[in-house]
Structure formats: structure tokens, C-alpha cells
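Descriptive analysis of the structure
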Amino acid sequence: MQLSLNIELSNNQSLQKQIFESIRQQILSGQLKANASLPSTRLLSEQLNVSRNTIVLAYDRLIAEDYICSRKTIGTFVNPKLPESSLTIFKTDNNNLVKKNAINSDQIVFKGRVQALNNPNRSKLDIDFWVGRPDPESFPINIWRQLTINKLRSSGANMTEYHNPAGILELRKAIADHLRPARGIDVSHEQVIIVNGSQGAINIASRLLIDKGTQVVTECPCYQGAVYVFENHGACIHPVNVDQNGLKISDLPHTPTSLAYVTPSHQYPMGATLSLSRRIRLLDWAREVGAYILEDDYDSDFRHNGSPLTALAGQDPHGCVIYMGTFSKSIGAGLRIGYMVVPPELIETTKAIKTLMDNGNAWLDQAVLADFINTGAYTKHLRRIRRVYISRRDALIEALHKHFGDVSLSGLEGGMHIIWHLAEHLPIASKLKKIAEDVGIGIYTLESGAAYDFGNRANNRRMIMLGYSSISEDKIHEGIKRIANALKV
Ligand SMILES: Cc1ncc(COP(=O)(O)O)c(C=O)c1O
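Counting restarts for each chain, with residues numbered from 1 along the sequence as it is written. This being a predicted model, a pLDDT of at least 70 is required before a residue's local features are given, and a value of 80 or more before pairs of side-chain atoms are given or counted; all residues contribute to the totals for chains, interfaces and linings. For side-chain calculations, the full set of non-hydrogen atoms in the structure is used, while hydrogens and water are omitted.

1. Focus on the overall build of the protein chain
What counts as a helix is a DSSP run of H or I of at least four residues, what counts as a strand is a run of E of at least two, and both are numbered from the N terminus. Each helix and strand counted, the protein chain has 15 helices and 20 strands in total. With the C-alpha coordinates of the protein chain rotated into their principal frame, the extents come out at 90 × 60 × 50 Å. Burial analysis of the protein chain (489 residues in total) assigns 51% to the buried set. Considering only residue pairs separated by 6 or more positions, the protein chain has 71% of its internal contacts joining residues 24 or more positions apart. Two residue types count as positive, namely Lys and Arg, and two as negative, namely Asp and Glu; His and chain ends fall outside the count. For this purpose, a charge sits on NZ of Lys, CZ of Arg, CG of Asp or CD of Glu. The protein chain carries 54 positive and 48 negative side-chain charges, and their two centres are separated by 5 Å. Only protein chains enter the accessibility calculation, which uses a 1.4 Å probe. A residue is then buried if its area is under 20% of the maximum for its type, exposed if over 50%, and partly exposed in between. Note on definitions: a residue-residue contact is assigned when non-hydrogen atoms from the two residues lie within 4.5 Å.

This is the structure:
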């Protein structure tokens, strides 16, 4: 028989792989039926004008994966005993396979939304002002490599055993020791639970405290990654507006509230720092309504003006703050390590949830990070990147003033991004984002920058988020200049 196969010499897949795939597709789509006979390797090699050995190797793989079988001296045939499930796959276009009838959408309980983690068009951008991305050039690759090699020389059992799901002891101790001077939080390492970034902490806190209809307070606007998880757990969300001093305490509800999610050091996305008097009132309010406060201290390592502020958890006399920190901003989001500091009465339940969720974080990453902190390399790294980020923030402010005159900016005191309040003569944020993207520059509206504004678009349509930490000063200047030029034409 003749087989019509889709083979291209110019394709960057090997001929053998293309032949294998092409026959496999025909079997799965039902074009080649059970027991259908395939041409001999010699015939097919002549037909396709490729070496016989290539065909033999492709057939061998099809045999090994049970798509076809060879009957001695008779020939090669499509396997008559292919499982039913593998035959329900059909081809929708040249590249995508979709399972037919596999999904009944009523069965899927998850109906949630997902936060933005980066710009989906980033490959088309020359300069990307994405928010909260650490500088890739500053990743401490040499010391990280060395520490990793050292750790791998230790007992292999570290890689084969389960470890404490709450985190390895060295790292929990290193974090507790770091938090005392850095954030003014005096805790035992027992209270420190290692998680998969802040996102892990948000999920654990939600499992801990949110049920269908539970009242949860969030800032408005706030971080998508938090509010979408609360929503998904069935929370009844009570958004409270923020102003230049952070959360408006006078707007907090006086009804039973299980959880209040806040970003006091550098409000996400607006960048305000919660004033001391508001911090005290927030803690009193939490006691009054019986709420736990989930403090997200995501980018507090970067305080550009003045000395670092004590975290809310360090000012809490009532023991109602669940603190969460992350290494996503200070080292890199690829590491996926964060931590929670929970009040003593929550330690065991938090550990139980963490065990159910993932049996613990990877040992190697935790062990290397613990050494990175304990050798003093982390403090050095922070000192170095703080200087880099301050220069970049200053370059961004300078470039905006140079090309747009008297601009209104907020969130300058710390963190890794600022908010640019667009003047009336400029296009609204979504239009400006598009204009910038057309000239290869990524800038962000609140929504595209992973913030959620509860539909308060009218207020926020003149705000642009600009991250500066991952872009060199020259590129920052060039990026802003390109946007200004695009507006002139
Ligand atoms: C407000 C806020 N919290 C936390 C995070 C970090 O999340 P993770 O630690 O899961 O990487 C981000 C990242 O952008 C953020 O903006």
C-alpha cells in the first residue's frame, strides 16, 4: 500500500521523527485502521526518497510504543489492540492535538481567574517595564553554582528522603535570624513555614481561614494573585480603598471578618506605605472584628528613602498577623521559595495544610538558600542590588521628566515599580500601553500589571505601572524616549 506522509526536508525535526509522527497521527485519527497493512521499509524508503535505515528506526519506535506490530514474513500492521482512549484523539490543525469529548465542562469545579505573571507579548518587546522583576544580570550565579555543588556532595539521602514539609531546619532558622534585624520581627524558627512563593502562602492562608461566604477584606486596588485565590475559596470580598497613606482604615467594615490581606510596606499596586497611626488602628480593628491580617511583604527589601520600616508583624501586640515574605523579588521568581510566619496557635494546622498541598519544597533549593543566607552572601547581594535599583528608579524619574515635563508619580520610596498618573493631554492608560507596545516598549495598566481594581476603571484609567528593576539605565531612557516620540507622530 501507499502511505501519504507529510514530510519536509526543511523542517527542523529529524526525518525519522517526522515519519513516526505522521504515521502515529494517521493511526490516532482513524485514517489508518486497526490491522491496516503498512508498506515495507524498502518500499517506503523508495517512495519518500529517504534512507531505509531512517524508516526502520521510525517503525521500531512505532512498534516499541505499540502503535504498530510486525508479523514475521507477513509484514507490518496497525496494532488491532490499541486502547480505546488513544483513538479518541483527533487532529485539529497541523500542531495541536485535542482530546475529543474528554472534558465535560460541568464537571470542572474550578471557575477562577488567573493573575498576570508577565506580558504575553513580551517576545515582541525591545524594552519591558514589567513590574517587580529582579535584574537577571544581578542573579548571584557563581556563588549559587558553588553552593549547589557543595550541597550535592553531601549525603544522597537528602535527595531521596522526604523532609519536614514546613521546611528544612537550617532555612527556617536562617530566615528567623534574618527577620529580626531586617524586619523587626522576633520569632522562633518553629513559626516559619517554607512555601512555594507568596502564592503558596496565600493558598495556605485561604485553606486555613476561608469558607464559602467568609468575609475577607482586601485593599482596593490590590494584587490579583491574592484576590483571585480568595474568590476561588468562596470568600465574600470587601474591598477597602487606599490613598496616599495606604489602606483607609476608617472604611474598614465592623462586621465579623476572617482575614484582611494587606501590603503595608509598599501597597500593591499604588506604592503607598501604610502610616504608623493607620498600622496601629488596623491592628486594633483586627482584634475588634476577630480577623487575622495577612501581611504581604513582597518587595520590602527595597526601601529607597529613609530607613526600613518595621513590618506590621513586628508591631503586633495581639498575635493576629500572618506574615509572608518571598525571595521572588530579592533573588528571583524562578526559585519559588517564600515563607510564612504564623502565630504559635496556627503552626500545626499550617504544617498540616502544607503537607497536604505538596509534601514540602525541594530540599536542594532550600539547602542552597540557607547557605546563601548563613554565609552572609544574601546580605551582600541585597546591598548591591539596592544600589542598582535606586539608580534605575532615578533614571526612570529623570527620563519621564525629560520627555513628559512635570509628571505626577507615586510609589517612589521603595519597591521595584512606580505609578505614573497620566496628565489629561495624554491618552488613557490602555491606549498609551498599545502605542508603546507598537514601538516595542512594554508598559502596564493596573489590570495588565497584575492589579485588580474591582471595576473601578474610571479612576484608574489614567495610571500606568512602570517596573524599573530589570532594565539598565540606558534602556530606561531609550524606552521612555521611544514612547514620547511615538506620541509626537
Ligand atoms: C503583591 C505581590 N505579592 C507577592 C508577589 C510574589 O509572588 P511569589 O512569591 O508567589 O512569586 C507578587 C509578585 O508579583 C506581588 O506583586
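2. Digging into the pairing of strand 7 (residues 192-195)
Side chains Val 192 and Ile 194 of strand 7 all project onto a buried face; the interleaved residues Ile 193 and Val 195 project onto the opposite face, where all are buried too. A strand pair is defined by DSSP finding two or more bridges across the two strands. Pairing of strand 7 with strand 15 (residues 338-341), which is carried by four bridges, proceeds in the antiparallel orientation. Bridge pairing links Ile 193 to Met 340 in strand 15.

3. Some words on the sheet that holds strand 20 (residues 463-467)
Read from one edge to the other, the open sheet built from three strands follows the order 16-17-20, with strand pairing classed as antiparallel. Two strands bound the open sheet, and with one partner strand each, they are strand 16 (408-410) and strand 20. Between one strand and the next, the sheet's axes are offset by a mean angle of 30 degrees, whatever the strand orientation. Bridge analysis of strand 16 against strand 17 (residues 417-421) gives three bridges, and the strand direction is antiparallel. Within the sheet, the bridge partner assigned to Ser 408 lies in strand 17 and is His 421. Each axis is a line fitted through C-alpha atoms, and for a helix only the stretch in contact is used; angles between axes span 0 to 180 degrees, taken between their N-to-C directions. Of the strands in this sheet, strand 16, strand 17 and strand 20 touch helix 12 (residues 377-404), which is tilted by about 20 degrees from strand 17.

4. Looking at the nonpolar core
Among buried residues, those of type Ala, Val, Leu, Ile, Met, Phe, Trp, Tyr and Cys that are joined through side-chain atoms within 4.5 Å constitute a nonpolar core. Within the largest apolar cluster, 122 residues are counted, with the highest numbers of intra-cluster contacts made by Phe 129, Phe 230, Leu 282, Phe 327, Leu 369, Leu 400 and Trp 420. At 11 residues, helix 12 tops the list of elements feeding residues into this core. Other than its neighbours up to four places away in sequence, Leu 369 contacts Trp 144, Leu 171, Phe 327, Ile 331, Leu 335 and Ile 337.

5. So, the site of the ligand
We call a residue near a molecule or strand when any one of its heavy atoms sits within 4 Å of it. Gly 197, Ser 198, Gln 199, Tyr 223, Tyr 261, Tyr 268, Asp 296, Tyr 298, Thr 326, Ser 328, Lys 329 and Arg 336 make up every residue found near the ligand. Pairing of N or O atoms within 3.5 Å defines a polar contact, subject to two protein rules: one partner must be a possible hydrogen donor and the other a possible acceptor, and residues neighboring in sequence count only if both atoms are side-chain atoms. Contact distances for the ligand include 2.6 Å between an oxygen atom and a side-chain N or O atom of Thr 326. For the ligand, whose unbound accessible area comes to 400 Å², protein coverage reaches 90%. It is helix 7 (residues 197-209) that contributes the most residues to the shell around the ligand, three residues altogether. Looking at the shell around the ligand, its residues break down into four nonpolar, five polar and three charged. In these tables, accessible area is a Shrake-Rupley quantity obtained with a 1.4 Å probe, and a residue counts as shielded only by the protein chains included in the view. Classes in brief: Ala, Val, Leu, Ile, Met, Phe, Trp, Tyr, Cys and Pro nonpolar; Asp, Glu, Lys and Arg charged; the others, Gly included, polar.

6. Considering the packing of helix 13 (residues 429-438) against helix 15 (residues 473-488)
Two numbers describe how helix 13 lies on helix 15: the axes approach to 9 Å, and their chain directions differ by 105 degrees. By the angle between their axes, helix 13 is roughly perpendicular relative to helix 15. Contacts from Leu 432, Ile 435 and Ala 436 in helix 13 reach Ile 483, Ala 486 and Leu 487 in helix 15. Looking at the contact of helix 13 with helix 15 residue by residue, the class counts come to six nonpolar, no polar and no charged. We call two directions roughly parallel when the angle between them is under 35 degrees, roughly antiparallel when it is over 145, roughly perpendicular when it lies between 65 and 115, and oblique otherwise.

7. Brief notes about the domain arrangement of the protein chain
Domain delimitation follows an automatic or database domain assignment. Split into domains, the protein chain comes out as domain 1 (15-107), domain 2 (122-135 + 384-488) and domain 3 (139-379). In this structure, domain 2 and domain 3 have C-alpha centres spaced 27 Å apart. Contacts between domain 2 and domain 3 engage 30 residues on the former and 29 residues on the latter. Each of two parts loses accessible area, computed with a 1.4 Å probe, when they are put together; buried area is these two losses added. Roughly 2,400 Å² is buried in total at the junction of domain 2 and domain 3, and carbon and sulfur atoms are behind 59% of that figure. Broken down residue by residue, the surface that domain 2 buries against domain 3 is led by Glu 413, Tyr 452 and Phe 454, which jointly contribute 26%. Across the contact surface, domain 2 and domain 3 share 16 residue pairs in polar contact (both at pLDDT 80 or more). Contributing elements (two or more residues each) for the side of domain 2 that touches domain 3: helix 12, strand 17, strand 19 (451-452) and strand 20. Ranked by the residues each element gives to the side of domain 2 that touches domain 3, the list is headed by helix 12, at five residues.

8. Remarks on the pattern of salt bridges
Note on definitions: salt bridges are taken to be side-chain nitrogens of Lys or Arg within 4 Å of carboxyl oxygens of Asp or Glu. All told, the structure shown has 19 salt bridges when counted by the stated rule. When the shortest N-O distance is used, the salt bridge between Arg 278 and Asp 243 registers 2.9 Å. Here Asp 243 lies in strand 10 (residues 236-243) and Arg 278 lies in helix 9 (residues 276-289), a separation of 35 residues in the sequence. With a relative accessible area of 13%, Arg 278 lands in the buried category. Overall, the relative accessible area of 22% leaves Asp 243 in the partly exposed class.

9. With respect to the pairing of strand 15
Burial along strand 15 is two-sided: Gly 338 and Met 340 and Tyr 339 and Val 341, pointing in opposite directions, are all buried. Summarising the sheet, strand 14 (residues 321-326) and strand 15 pair through four bridges and their orientation is antiparallel. Pairing of Met 324 across the sheet is with Met 340, part of strand 15.

10. Examining the packing of aromatic side chains
Any two rings among Phe, Tyr and Trp, with Trp reduced to its six-membered ring, count as a pair given centres within 6.5 Å; such a pair is stacked if its planes are under 30 degrees apart, edge-to-face if over 60, and tilted if neither. One pass over the structure, following the stated rule, counts 15 aromatic pairs. Considering the side-chain rings of Phe 139 and Trp 144, the 5.6 Å spacing of their centres and the 55 degrees angle between planes classify their relative orientation as tilted. A relative accessible area of 29% places Phe 139 in the partly exposed class. Residue classification places Trp 144 among the buried positions, given a relative accessible area of 12%. Between Tyr 228 and Tyr 452, the ring centres sit 5.6 Å apart and the planes meet at 70 degrees, which makes this aromatic pair edge-to-face. Separated by 224 residues along the polypeptide, Tyr 228 in helix 8 (residues 224-232) and Tyr 452 in strand 19 bring together distant segments of the chain. Using a relative accessible area of 13% as the deciding quantity, one classes Tyr 452 as buried. Put simply, the rings of Phe 139, Trp 144, Tyr 323, Phe 327, Tyr 339, Phe 372 and Tyr 378 pair up and form one aromatic cluster.

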